[in-house]
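Structure at a glance
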Amino acid sequence: MTHKPIPIGTRKSALAIAQTVQVQEALERMNPGKEFPLLKMSTTGDNYQSQPLSSIGTTAVFTRELENSLEKKECDLLVHSLKDVPTQVKPGFVLAAMLKREEPNDVMVMRSGEFKALKDFGPEDVVGTSSVRRASQIRRLCPGVQVKDVRGNINTRLAKLDAADSPYTCLLLAAAGLLRLNFDDRITATLPPSIMLHAVGQGSIGVECRSDDLETLALVKPLDHLPTRLRCEAERSVMRVLEGGCSVPIGVWTEFVESTASSEVGSSEGSESSQTENVGTLRLKALVASLDGSEIVEGEAQADVNGSIEAAVELGKVVAAQMLAKGADKILAKVVRDRSTTLASTGTGEETKIKGWEV
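Residues numbered from 1 in each chain as written. Predicted model: local features only at pLDDT ≥ 70, side-chain atom pairs only at ≥ 80, totals over all residues. Heavy atoms only, no water.

1. Focus on helix α1 (residues 14-30)
An ideal rise of 1.5 Å per residue puts 24 Å on 17 residues; α1 measures up with 24 Å between its terminal C-alpha atoms. Where α1 is concerned, the buried positions are A16, Q19, T20, V23, Q24, A26 and L27. Summarising the axial view, the buried residues of α1 lie within an arc of 165°, below the 170-degree limit, and thus occupy one face. Against β1 (8-11), β2 (38-41), β3 (77-81), α7 (175-180), β10 (205-210) and α8 (214-220) lie the buried residues of α1. (Helix = DSSP H or I, 4+ residues; strand = E, 2+ residues; numbered from the N terminus. Expected span 1.5 Å × (residues − 1). Buried < 20%, exposed > 50% of the residue type's maximum accessible area, 1.4 Å probe, protein only. Arc of directions from axis to C-beta. Contact = heavy atoms within 4.5 Å.)

Pasting the structure below:
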């Protein structure tokens, strides 16, 4: 019997393809005889590599074109870095699976053989990052340090760091991307949550489908990893309430902690583990920071979610409410205002100077 191919939409970058192949191979293992060809596309975020993401001014820079293709039924599912997916999923679509999370932390990357502790960074040091979240936190941690934008895929960024005329002391990157592309030997130091909170959903792969495509939803469901989904739903809930996106400085940290109410769940295909995992008591920390790192608002809470997605979402709302009571909305409004009022046009449609950034 011949099966109709089930195309998977993905961005063209090496990391996006590596993540999509992970999903593709899992689906092929579970569904012998079915074909899951890749449909590779470029997105707005891919097409504007010469300017910071914060200057593009949208929360769907890496997903819009993919979702257009899904809507037209050119493909039947999409594979995303979950941190790129807006917290308000487009009507008619659903995040059908969140695969087991890779290491969510950020890392510091230096040239081979070099090392300098962050506590020793000063005005002579240049940190490369494309993230306003990382930039704001590193400015808070290392007052006076220079922060310069560095866009491009991971290979491109590493090449910019390694160049003989490189201005960068180090790059700040997501550990997950380096690990998935086998660049773990380039990690100089992992930044724990006591130093830097990671992006919402960082390290997780999200699979998006049409909400009425019951056949594809059934195929994808076994990939969903409940502990990851609970953590990421709580994180996304914070961002949803604060109305943020990947271009604003919101950081989070989630973990399951032991308690008398802890529950356990067996693994799924997406977890690639036979061990049971704690889905009982979930702890969530979050922060919002100004672009220069001088203002910061934090929130923290934990709840006995016991495997409930609704309870995880509610935990996110509780932490967001804490932060709003402390003025998080005022910081975010200032971030958006500064971003939109300090752009100097070059006449090419791109920006050369953004407050807090040198491009």
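Picking up after the structure, the text goes on.
2. Remarks on the environment of S136
Here S136 is to be found in helix α5 (residues 132-141). Beyond its immediate sequence surroundings of up to four residues, S136 is in contact with P249, A289, S290, L291 and G293.

3. Describing α5
Of all 10 residues that make up α5, 8 are buried, and the element is covered over most of its length. Buried within α5 we find V132, R133, R134, A135, S136, Q137, I138 and R139.

4. Side note on unusual backbone geometry
At K73, a position not held by glycine, the phi torsion is positive, near 65°. Along the chain, K73 falls in the loop between α4 (64-71) and β3. Accessibility expressed as a relative area gives 60% for K73, which makes it exposed. The backbone of N306 shows a phi angle near 50°, a positive value even though the residue is not glycine. Tracing the chain through its elements places N306 in the loop between β15 (296-304) and α10 (309-325). A residue is classified by how much of its surface remains accessible, and N306, at 37% relative accessible area, is partly exposed.

5. Focus on the packing of aromatic side chains
Applying the stated criterion to the full structure yields 0 aromatic pairs. K116 extends its terminal NZ or CZ atom over the ring of F121, reaching a point 5.7 Å from the ring centre. (Phe/Tyr/Trp six-rings, centres within 6.5 Å; stacked < 30°, edge-to-face > 60°. Lys NZ or Arg CZ within 6 Å of the ring centre and 35° of its normal.)

6. What about the pairing of β2?
By the bridge criterion, 4 bridges tie β1 to β2 in an arrangement that is parallel. Its bridge partner lying in β2, R11 is registered against M41. Viewed along the sheet, the connection from β1 through α1 into β2 turns out right-handed. (Pairing = 2+ DSSP bridges. Right-handed = clockwise from strand over helix to strand, strands pointing away.)

7. Observations regarding the pattern of salt bridges
Tallying each qualifying case throughout the model produces 16 salt bridges. Between D106 and R134 there is a salt bridge, and its shortest N-O distance comes to 2.8 Å. You can see D106 sitting in strand β5 (residues 106-109) and its partner R134 sitting in helix α5, a full 28 residues away along the chain. Each of the salt bridges in this network shares a partner with another, and the network as a whole consists of R11, K83 and D84. (Salt bridge = Lys/Arg side-chain N within 4 Å of Asp/Glu carboxyl O.)

8. Remarks on the nonpolar core
Where a protein is soluble and globular, its nonpolar side chains tend to be buried together. The biggest cluster of nonpolar side chains holds 29 residues, and the ones touching the most others in it are V238, L242, I250, L282, V288, V319 and M323. Elements with a minimum of two residues in this core: α9 (226-242), β11 (250-257), β14 (281-289), β15, α10 and α11 (328-341). With residues near it in sequence (within four places) discarded, V238 still touches L284, A286, G316, V319, A320 and M323. Formed by 18 residues, the second largest nonpolar core is a distinct cluster that contains I8, A26, F36 and L223. (Core = buried A, V, L, I, M, F, W, Y, C linked by side-chain atoms within 4.5 Å.)

9. Comments concerning the sheet that holds β14
Pairing between sheet strands relies on hydrogen bonds along the backbone, with the strands arranged either parallel or antiparallel. Pairing is antiparallel across the open sheet formed by 3 strands, whose spatial order is β11-β14-β15. Since the sheet does not close on itself, it has two edges, and those belong to β11 and β15, each with one partner. Neighbour-to-neighbour, the strand axes of the sheet open up by a mean angle of 10°, direction not taken into account. Bridge count between β11 and β14: 8 bridges; the pairing is antiparallel. In the strand pairing of β14, F256 is matched with L282. This element, α10, spans β14 and β15 of the sheet and lies at about 150° to β15. (Axes fitted to C-alpha atoms, helices over the stretch in contact; angles between N-to-C directions.)

10. A closer look at the packing of α9 against α10
Helix-helix packing is described using two parameters, namely the angle between the two axes and the distance between the axes. At their nearest, the axes of α9 and α10 sit 7 Å apart, and the two run at 40° to each other. The crossing of α9 and α10 is right-handed. In this structure, α9 contributes R229, L230, E233, A234, S237, V238, V241 and L242 to the contact, and α10 contributes I309, A312, V313, G316, K317, V319, A320, M323 and L324. Taken together, the residues that form the contact of α9 with α10 break down as 12 nonpolar, 2 polar and 3 charged. (Left-handed = near helix turned anticlockwise from the far one by under 90°. Nonpolar A, V, L, I, M, F, W, Y, C, P; charged D, E, K, R; others polar.)

11. Considering the pairing of strand β4 (residues 93-98)
Within β4, 5 of the 6 residues are buried, which leaves it mostly tucked inside the rest of the structure. One ladder, built from 5 bridges, connects β4 with β10; its direction is antiparallel. The residue of β10 that forms the bridge with F93 is R210.

12. Here's the deal with the environment of D120
The topology assignment puts D120 in the loop between β5 and β6 (126-128). Residue class for D120 comes out partly exposed when judged on its relative accessible area of 42%. Among the polar contacts made by the side chain of D120, one reaches the side chain of K119 at a distance of 3.4 Å. (Polar contact = N/O pair within 3.5 Å; in protein donor to acceptor, adjacent residues only side chain to side chain.)

13. Some thoughts on the sheet that holds β3
The sheet built from 5 strands is open, its strands ordered β2-β1-β3-β10-β4 with mixed pairing. Every interior strand has two partners, whereas the edge strands, β2 and β4, have only one. Between one strand axis and the next, the sheet turns by 30° as a mean value, whatever way the strands run. Across the sheet, α4 lies against β1, β2, β3, β4 and β10, angled at about 165° from β3, the strand it touches most.

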